[in-house]
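Survey of secondary and tertiary structure
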Amino acid sequence: MFNKILVANRGEIALRVICACKELGIRSVAIYSEADRNSLHVRFADEAICIGPPQLAQSYLNVPAVISAAEIANVDAIHPGYGLLSENANFAEVCEASQIKFIGPPPEVIRLMGEKEKARAAMKQYGVPIVPGSDGVVASAEEALEWARQIGFPVIVKATAGGGGRGMRIVRNEEELPALYRQAQSEAAGAFGNGDLYLERYVENPRHIEFQVLGDEHGNVVSLGERECSIQRRHQKLLEESPSVRMTSELRKETGDMLSKTLSAVGYQNAGTIEFLMDQQRRLYFIEMNTRIQVEHPVTEMVTDVDLVKSQIMIAAGAKLSDVLQGPIVHRGHAIECRINAEHPEKFTPSAGKITTFNPPGGTGVRIDTAAYAEGTIPPYYDSLIAKLVVRGKDRAEAISRMSRALGMFIVEGIYTTIPLHRRILADPEFRAGNFDTGFIERFLAKK
Ligand code: MV4
């Protein structure tokens, strides 16, 4: 097992990784920017190293600074958390070259899944259903038009390097295709330095359903079931739950078995998430794969009792899945997560500053992942997520009433948060009935 791990992240996820290290008896090393001197990840790690000024490019994204800290602290491994360097294949390579274990899949697997058109082709090769679309990258607007005629409108043009909905355009007819193709191309080139596009048939009002997997270094991959993440705004998830109200135990098993076969063939190692769109007929279509631990991982932890971050660390140290899991995956009850962001309720703009009051709820079935505290400051430089409120109940009805009462007892003063928005979502009849898709939030905000 590792002796010491550097946590290349900040905020709640850095603290989450430190918790896993403590429980495994591994020393943890925090890195921090000048804006994070008083952060809890610094306080709770066994060692902490300042790596630069507040700006991301000069601190948490500064590869030479992160690697230098790892070498000075003499760590065995680096856990990247989510975001930041977590899906950067070059960083994973630098770790390898420096004889530091990157807690994640091999660089070539990160690279494969990072190019969405390549990931699509790989999944298709193993029989995972994908949305009908182009075979590879489309080189021009003319070629896109040919594919679109073949697939049928509406179609969606996507950037192969895409993420967060950038470099994506919905195209409803032939006339608007050339202009939208060029818009997506220049947006992608600007945002990712890669303007390559591919085409898919546009699935109307889908649900967003993702499967959690774990793969070890011995060719074993297991599925831990799904999370439903349809409650999103501008490609930012707000609320996630497991199980999905539209999932059946048969579909869960069939999809999980298909994914474990496919991903062991691909050589997948680490925790991973496979994103699907689900249509009204309950058909699942692969869209992309994330090769990191995700923000919403606690939802799966609550219904399976598997510690995903500890599992990631044990797997990276060479452990077999059978030794990590010690038995079959069992799904019990229902879990919901609300993302508490520091942002203005109407404008959805970041709300940095000092937290004057912080009263997180507790009680049966309630979990809070946060690095926030009273009198602490939320710096303006980083992601606005300040806490995740997660509950588990025996069924969805109990989880909803537990979440409603917990949200009612969560007091944060001094900054704006998404707590009031979540209280309204939990009270919405359509949400409570399980009647929603990725268009929910837009309709919800319009009817107010
Ligand atoms: C789609 C789609 C409909 N059809 N692909 C948005 C971000 C990226 N991860 C994939 N996205 C979508 N891809 C096809 N072929 C609709 C979306 C989409 C979406 C997906 C999941 C959750 C929320 C969404 C909101 C708008 C659009």
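Residues numbered from 1 in each chain as written. Predicted model: local features only at pLDDT ≥ 70, side-chain atom pairs only at ≥ 80, totals over all residues. Heavy atoms only, no water.

**A word on the domain arrangement of the protein chain**
Partitioning the protein chain into domains gives domain 1 (4-103), domain 2 (132-201) and domain 3 (207-446). The distance between the C-alpha centroids of domain 1 and domain 3 comes to 23 Å. Listed per partner, the contact involves 31 residues of domain 1 and 29 residues of domain 3. Summing the contributions of domain 1 and of domain 3, the shared interface buries around 2300 Å²; its carbon and sulfur component is 63%. For domain 1, the biggest contributors to the area lost against domain 3 are Glu12, Arg16 and Glu87; these three give 26% of the whole. (Domains from an automatic or database assignment. Contact = heavy atoms within 4.5 Å. Buried area = accessible area lost by both parts, 1.4 Å probe.)

**A short note on the site of the ligand**
Surveying the vicinity of the ligand reveals 16 residues, the closest of which are Lys158, Glu200, Arg201, Val203 and Glu288. Within the backbone of Val203, a nitrogen or oxygen atom sits 2.9 Å from a nitrogen atom of the ligand. At the level of elements, β6 (155-163), β8 (197-201), β12 (270-278) and β13 (284-290) are the ones that each hand at least two residues to the shell around the ligand. Residue composition of the shell around the ligand, grouped by class: seven nonpolar, four polar and five charged. In terms of domain composition, the shell around the ligand takes at least three residues from each of domain 2 (132-201) and domain 3 (207-446). (Near = heavy atom within 4 Å. Polar contact = N/O pair within 3.5 Å; in protein donor to acceptor, adjacent residues only side chain to side chain. Helix = DSSP H or I, 4+ residues; strand = E, 2+ residues; numbered from the N terminus. Nonpolar A, V, L, I, M, F, W, Y, C, P; charged D, E, K, R; others polar.)

**Some thoughts on the packing of aromatic side chains**
Two measures describe an aromatic ring pair: the distance that separates the ring centres and the angle between the ring planes. Inspection of the entire model under this criterion finds nine aromatic pairs. Considering the side-chain rings of Phe211 and Phe276, the 5.8 Å spacing of their centres and the 80° angle between planes classify their relative orientation as edge-to-face. Of this pair, Phe211 sits in strand β9 (residues 207-215) while Phe276 sits in strand β12; the two residues are 65 residues apart in sequence, bridging distant segments of the chain. On the numbers, 5.5 Å between centres and 20° between planes, the contact of Phe440 with Phe444 is stacked. Taken together, the residues Phe440 and Phe444, both in helix α16 (residues 440-447) and four residues apart, mark about one turn of the helix. (Phe/Tyr/Trp six-rings, centres within 6.5 Å; stacked < 30°, edge-to-face > 60°.)

**Observations concerning the environment of Ile51**
As for its placement among the helices and strands, Ile51 is situated in strand β3 (residues 47-52). Expressed as a C-alpha distance, the spacing of Ile51 and Ser98, which sit 47 residues apart in the sequence, is 18 Å. The contact partners of Ile51, leaving out residues within four places of it in the chain, are Ile31, Tyr32, Gln58, Ser59, Tyr60, Ala65, Val66 and Ala69.

**Topic: the side chain of His422**
Note on placement: His422 falls in helix α14 (residues 419-427). Its relative accessible area of 0% is what places His422 among the buried residues. Setting aside residues up to four positions removed in sequence, His422 forms contacts with Leu238, Leu239, Cys338, Arg339, Ile340 and Leu407. (Buried < 20%, exposed > 50% of the residue type's maximum accessible area, 1.4 Å probe, protein only.)

**Describing the pairing of strand β11 (residues 236-242)**
Counted residue by residue, β11 has six buried out of seven residues, so it is predominantly covered. Turn length for the strand β10 (residues 221-233)-β11 hairpin, with the two strands adjacent in sequence and antiparallel, is two residues, and the turn residue Arg234 shows positive phi of about 50°. (Pairing = 2+ DSSP bridges.)

**Here's the deal with the sheet that holds β3**
Strand order in the open sheet formed by five strands is β3-β2-β1-β4-β5, and the pairing between neighbours is parallel. If you trace the sheet from one side to the other, it starts and ends with β3 and β5 (101-102), each paired once. Both strand β4 (residues 77-79) and β5 contribute to a ladder of two bridges, which runs parallel. Bridge assignment links Ala77 to a residue of β5, and that residue is Lys101.

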